[in-house]
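A look at the structure
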Amino acid sequence: YPADTDWLSSSAPRGSRMTYLLGAYAEYCKKPAVCKSDKANTAFGRGGAVYRYASLAALQRASIAKLASHGLTINQLVKSDGNGDVVVTTVLGHSSGQCMESTLRMTPDKQKGVHGFASAATYAQRLGLRALVQIICVDELDPDEEVDAVDDDRYLQGINAAPLQVALERRR
């Protein structure tokens, strides 16, 4: 994927070539992956507040099998652009061979060397996966409730995939 100068770029073919991929994605979006935030960071919270987030592993655990049940897969390619920036391309593929991708470019903390690169890569992978696959984190839906196990049906009540389905119908 040719990296451009923007920090985020995406590519998705238009028209009937996307029918299978978008149809499977619409079915997935009726009941998308749900996960619980499993990490905490106080460095970015205001006034000592704790910022909770889902790790890359938690996002992968929540989404991979659910995507596969619709013939979908995620691949993430990590590279350096030659100038020290991290470039992560997240590819959503379908068993038909159709795919779409999104690319995220981040500048790592150069003082941390390879650890800064790895941290930026992991962060970009998390963002790319959540953005392309629409993973719902429990803490964002109900921040005051302690949840030991995620019950997809319970947390998906009221979430509507209809806007995506309407958009897909207009494209066909």
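In this numbering scheme, every chain counts its residues from 1 along its sequence in written order. Local features in this predicted model are restricted to residues whose pLDDT is 70 or higher, and side-chain atom pairs enter the listing and the counts only when it is 80 or higher, whereas totals over whole chains, interfaces and linings include all residues. Based on all heavy atoms of the structure, the side-chain values leave hydrogens and waters out of the count.

**Re the nonpolar core**
- Note on terminology: a nonpolar core comprises buried Ala, Val, Leu, Ile, Met, Phe, Trp, Tyr and Cys residues joined through side-chain atoms within 4.5 Å. Partly exposed describes any residue whose relative accessible area lies between the buried limit of under 20% and the exposed limit of over 50%, with all areas from a 1.4 Å probe on protein chains only and scaled to the type maximum. Counting 24 residues, the largest nonpolar core has Tyr 28, Leu 92, Val 133 and Ile 135 as its most contacted members.
- Considering each element in turn, this core owes the most residues, 6 residues, to helix α1 (residues 19-30).
- By the convention used here, residues are in contact when the closest approach between their heavy atoms is within 4.5 Å. Here Ile 135 is in contact with Tyr 28, Ala 33, Cys 35, Leu 59, Ser 63, Leu 129 and Arg 130, once residues within four sequence places are set aside.
- Val 86, Leu 104, Ala 121 and Ala 124 belong to the second-largest nonpolar core, a separate cluster that totals 6 residues. Runs of H or I in DSSP of at least four residues are treated as helices and runs of E of at least two as strands, each being numbered from the N terminus.

**Quick word on unusual backbone geometry**
- Here the phi dihedral of Gln 134 falls at roughly 55°; this positive angle occurs in a residue that is not glycine.
- The topology assignment puts Gln 134 in the loop between α3 (113-133) and β8 (136-137).

**Notes on the pairing of strand β6 (residues 86-94)**
- Summarising burial for β6: 9 of the 9 residues are buried, a large majority.
- The alternating pattern of β6 places Val 86, Val 88, Thr 90, Leu 92 and His 94 and Val 87, Thr 89, Val 91 and Gly 93 on opposite faces, both of which are buried.
- Hairpin connection from strand β5 (residues 72-80) to β6: 5 residues lie between these consecutive antiparallel strands, with Gly 82 at a positive phi of about 95°.
- Any two strands with at least two DSSP bridges between them are considered paired. As paired elements, β6 and strand β7 (residues 99-106) share 8 bridges and run antiparallel to each other. Bridging across to β7, Val 91 finds its partner in Glu 101.

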